[in-house]
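# Residue-level structure breakdown
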Amino acid sequence: MTMWQDHFDCCEGCGPSFLDISLPERPWGEVEADGTVSVYAGVSHYELGVYP
């Protein structure tokens, strides 16, 4: 997996937004045969609920 979508809240009145982030040179996990995603060791992303 080299892409995720983050949600950002602006604190100055511009409202929430979503941003697709692609890091093709830094994969963070892989899709298993059953469709679940395994996150690599050391990856931290609070929206995914993953902490090292």
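Residues numbered from 1 in each chain as written. Predicted model: local features only at pLDDT ≥ 70, side-chain atom pairs only at ≥ 80, totals over all residues. Heavy atoms only, no water.

## Remarks on the overall build of the protein
Helix and strand content of the protein: 0 helices and 4 strands. Going through the 52 residues of the protein one by one, you find that 15% of them count as buried. Relative to all contacts within the protein whose residues are 6 or more apart in sequence, the contacts with residues 24 or more apart total 24%. Accessible surface, the protein: about 4,100 Å² in total, of which carbon and sulfur atoms supply 56%. (Helix = DSSP H or I, 4+ residues; strand = E, 2+ residues; numbered from the N terminus. Buried < 20%, exposed > 50% of the residue type's maximum accessible area, 1.4 Å probe, protein only. Contact = heavy atoms within 4.5 Å. Areas by Shrake-Rupley, 256 points an atom, 1.4 Å probe, with all protein chains shown as cover.)

## Section: a nonpolar patch on the surface
On the surface, a nonpolar cluster with roughly 230 Å² of combined accessible area is contributed by M1, V31 and V37. Position of V31 relative to the elements: it lies in strand 3 (residues 29-31). (Patch = residues over 30% accessible without salt bridge, like charges linked within 9 Å, V, L, I, M, F, W, Y side chains within 5 Å. Salt bridge = Lys/Arg side-chain N within 4 Å of Asp/Glu carboxyl O.)

## Looking at the confidence of the model for the protein
Low pLDDT means the predicted coordinates in that region are not meant to be read closely. On average, the protein scores 76 in pLDDT, and the residues at 70 or more come to 83%. The spread of mean pLDDT over the elements of the protein runs between strand 1 (residues 3-9), the lowest at 71, and strand 3, the highest at 85. (pLDDT = per-residue confidence, 0-100.)

## Focus on the environment of V43
Take V43: it is sitting in the segment after strand 4 (37-39). Along the backbone, V43 and P27 are 16 residues apart, and their C-alpha atoms lie at a distance of 9.7 Å.

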